[in-house]
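Reading the structure
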Amino acid sequence: MNNDTSFALRVLKERCTGCGLCADTCAYNAIKFADVPEIDSYACRLCGSCVQACPAGALQISEPETGKTAVPQEETKGIWVLAEVEDGCLAPVARELLGKAVVLSEKLHHDVEAVLIGGNVSACASELIAYGARRVRIVEHESLAAFIEENYACELVRLVRECRPEILLVGATPRGRGLSARMAALLQTGLTADCTELDIDSDTGLLLQIRPAFGGNLMATIKTPAHRPQMASVRPGVMKASEPDYSRSGEVVYADVSKVSSDRRIRLIRETVEASCGDSLENSRIVVGIGRGVKSLDMVNRIREWAARFGAVVAGSRAAVEAGLIDAHMQVGQTGHAISPDLYIAIGISGQIQHTAALAGAKKIIAINPDRTAPIFGIADYGWAVSAEEALSQLTAGGL
Ligand SMILES: Cc1cc2nc3c(=O)[nH]c(=O)nc-3n(C[C@H](O)[C@H](O)[C@H](O)COP(=O)(O)OP(=O)(O)OC[C@H]3O[C@@H](n4cnc5c(N)ncnc54)[C@H](O)[C@@H]3O)c2cc1C
Ligand code: SF4
Ligand code: SF4
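Bear in mind the structure is a predicted one, so any value in this text is a computation, not a measurement.

1. Section: the site of ligand 2
Taken together, 14 residues lie around ligand 2, and C26, A30, C44, C47 and C50 are the ones closest in. Grouping the amino acids of the shell around ligand 2 by side-chain chemistry returns 10 nonpolar, three polar and one charged.

Written as structure tokens, this is what we have:
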């Protein structure tokens, strides 16, 4: 039991009648009952069920006070990267986040640490050290083998409260998005999602969390002055990993998993792997982007056949997704994937900021669009002002 008096859920003992309803209601076993309820702040997810269940109004969840931190600032140390593992391999975004964390640590003079969580993840520790982690913290337990967001968040929050990192970076992957938001709520700290740049304020030492705002029309710089850790998520492909150095040494620390608990409301019945076309946008060297200007599925299929000849993956704009030309999971842009291929060929794409914001890492861009004034030509290295039909006929006739 943790008697953290700064914890957001409080029992107003003078009102409590001792009925015990709150303990029966809590799905997380976070309330131990003697004469009055005692809250285990490590186990509590602040779901609010007990507050609603209490007939005497004896439970209260308070809003964090400005300037008061759940994790005291003066004691924080370390720039942490939550390293996601997929099928036993490190997710590429973990390497990218480490590259940025190393740059930040040179300005902030905090150690870079990586956190691994799962059923059998320790084999990835040496790779994290090679990519820049001074220390790898491992939360390993068989009950964490399957990703259950609530359970992962509970264990990670426990670790954060114990070790008090200054900064926590998370990949904005399908898993990382939900997990980081849940953790930030439990830790009562701020989280800036989908940052495209991170820096350190030279005056205050605060993390500058930079991301597009207002539909991508301006860049916002967000700070977390009063709460810790400062949390930011970054999409895969936005930042660059540094070169690994396997001669580097680092420390591996195993977290105490004797208190690992599972959310009683969630039971894993089975896992099903969704069939996918196998195209991986993040790792593709050549991507062909299809826009609304491509107009028909017949043209999309012709472009697919052409792209297959040189191993390109076919993706598209949101308008192309909405028109049913491309699967939603292959959308490039602010609300889709950020990509950094060697070559991006945009066909029938106008080049609105919400699309092009995700192309910052592309080395070369070729635009094909009959409208010479289309904004895509403003960022393209090479432009061809013809229709998709015309371009494809010429390219295939020329043997390309
Ligand atoms: C909050 C928000 C988030 C968004 N997120 C995304 C996102 O993640 N990704 C994204 O892509 N968009 C996103 N959008 C939408 C974005 O603003 C644009 O509407 C979208 O990118 C336009 O897609 P497009 O270029 O395919 O279509 P259009 O803008 O309609 O452009 C079609 C182009 O095709 C050209 N064309 C016409 N005929 C032909 C032809 N025969 N051959 C070749 N070209 C032709 C036209 O000249 C035109 O330039 C978002 C918008 C908002 C508000
Ligand atoms: S807020 Fe939710 S998790 Fe926390 S003690 Fe109450 S019922 Fe349990
Ligand atoms: S439900 Fe309310 S009154 Fe009953 S034991 Fe819990 S806090 Fe006390």
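On we go from here.
2. Considering the domain arrangement of the protein
With domains assigned, the protein is organised as domain 1 (9–61), domain 2 (73–254) and domain 3 (286–397). Listed as interface residues are eight residues of domain 2 and, on the opposing side, 10 residues of domain 3. Taken together, the residues that form the side of domain 2 that touches domain 3 break down as two nonpolar, five polar and one charged.

3. Considering the sheet that holds strand β17 (residues 286–290)
The strand order across the open sheet built from five strands is β18-β17-β19-β20-β21, with neighbouring strands paired in parallel fashion. The sheet terminates laterally at β18 (313–316) and β21 (382–384), the two strands that pair on one side only. On average, adjacent strands in this sheet sit at an angle of 20° to one another, irrespective of strand direction. Inspection of the sheet shows β17 paired to strand β19 (residues 343–347) by five bridges, in the parallel sense. Bridge assignment links I286 to a residue of β19, and that residue is L343. Sitting on the sheet, helix α7 (residues 297–309) touches β17, β18 and β19, and the angle it makes with β17 is about 170°.

4. Considering unusual backbone geometry
With an omega dihedral of -5°, the bond running from R228 to P229 counts as a cis peptide bond. Checked against the element boundaries, P229 lands in the loop between β14 (218–222) and β15 (230–234). We note that N29 has phi near 55°; this positive angle belongs to a residue other than glycine. Within the element layout of this structure, N29 appears in the loop between α1 (21–25) and β2 (31–33). Phi is positive for R164, which is not a glycine, with a value near 55°. Considering the arrangement of structural elements, one finds R164 in the loop between α5 (149–163) and β10 (167–171). Its 18 C-beta neighbours within 10 Å are what place R164 among the partly exposed residues.

5. Observations regarding the site of ligand 1
Near ligand 1 lie 26 residues; those nearest to it are G291, G293, S317, A319 and G333. Every element with two or more residues in the shell around ligand 1 is listed here: α8 (318–322) and α9 (353–356). Considering every element that reaches the shell around ligand 1, the biggest residue donor is α8, with three residues. Of the residues that constitute the shell around ligand 1, the class distribution is seven nonpolar, 16 polar and three charged.

6. A few points about the packing of α7 against helix α11 (residues 388–397)
Axis separation between α7 and α11 bottoms out at 11 Å; the angle between their running directions is 30°. Considering the angle they form, α7 stands roughly parallel to α11. Crossing hand, α7 versus α11: left-handed. Listed contacts from α11 to M299, R302, I303 and W306 of α7 are A388, E389, L392, L395 and T396. Here the contact of α7 with α11 is composed, by residue class, of six nonpolar, one polar and two charged.

7. Remarks on helix α3 (residues 92–108)
One turn of the α-helix equals 3.6 residues, which is why residues spaced by three or four share an orientation. Here α3 is 17 residues long and its end C-alpha atoms lie 24 Å apart, about the 24 Å a rise of 1.5 Å per residue gives. Among all positions of α3, only V93, A94, R95, E96, L97, L98, K100 and A101 are buried. Once α3 ends, the next one or two residues include H109, with phi positive near 60°.

8. Section: the packing of α5 against helix α6 (residues 174–187)
Contact pair α5 / α6: the axes reach a minimum separation of 9 Å and the direction vectors enclose 50°. By the criterion of interaxial angle, the relationship of α5 to α6 is oblique. Remark: the crossing between α5 and α6 carries right-handed chirality. Taking contact as the criterion, the partners of E149, Y152, A153, L156, V157 and V160 in α5 are, on α6, G178, L179, R182, M183, L186 and L187. Taken together, the residues of the contact of α5 with α6 break down into nine nonpolar, one polar and two charged.

9. Quick word on α6
In this model, α6 (14 residues) spans 21 Å end to end at C-alpha, consistent with the 20 Å of a helix rising 1.5 Å per residue. Burial in α6 covers these residues: G176, L179, S180, M183, A184, L186 and L187. Relative to the axis of α6, the buried residues are bounded by an arc of 160° and lie together on one face. Against α5, β10, β11 (191–195) and β15 lie the buried residues of α6.

10. Section: the pairing of strand β13 (residues 207–213)
Pairing between strand β12 (residues 197–200) and β13: four bridges, direction antiparallel. Bridge pairing in β13 links L198 to Q209. Between β12 and β13, which pair antiparallel and follow one another directly, the connecting turn spans six residues, one of which, G205, has a positive phi of 75°. Examined bridge by bridge, β13 and β14 share five bridges and lie antiparallel to one another. Along β14, the bridge assignment pairs P212 with M219.

11. Structural notes on the nonpolar core
Formed by 93 residues in total, the largest nonpolar core has its most connected members in L116, L169 and I347. Considering each element in turn, this core owes the most residues, seven residues, to α5. Mapping this core onto the domain boundaries places at least three of its residues in each of domain 2 (73–254) and domain 3 (286–397). Contact partners of L169, with chain neighbours within four places excluded, come to W80, V81, L82, L97, A101, A232 and V234.

Definitions and limits used
- Residues numbered from 1 in each chain as written.
- Chains lettered and ligands numbered in written order.
- Predicted model: local features only at pLDDT ≥ 70, side-chain atom pairs only at ≥ 80, totals over all residues.
- Near = placed C-beta within 6 Å.
- Nonpolar A, V, L, I, M, F, W, Y, C, P; charged D, E, K, R; others polar.
- Domains from an automatic or database assignment.
- Contact = placed C-beta atoms within 7 Å.
- Pairing = 2+ DSSP bridges.
- Helix = DSSP H or I, 4+ residues; strand = E, 2+ residues; numbered from the N terminus.
- Axes fitted to C-alpha atoms, helices over the stretch in contact; angles between N-to-C directions.
- Buried ≥ 20, exposed ≤ 12 C-beta atoms within 10 Å, placed from the backbone.
- Parallel < 35°, antiparallel > 145°, perpendicular 65-115°, else oblique.
- Left-handed = near helix turned anticlockwise from the far one by under 90°.
- Expected span 1.5 Å × (residues − 1).
- Arc of directions from axis to C-beta.
- Core = buried A, V, L, I, M, F, W, Y, C linked by C-beta atoms within 7 Å.

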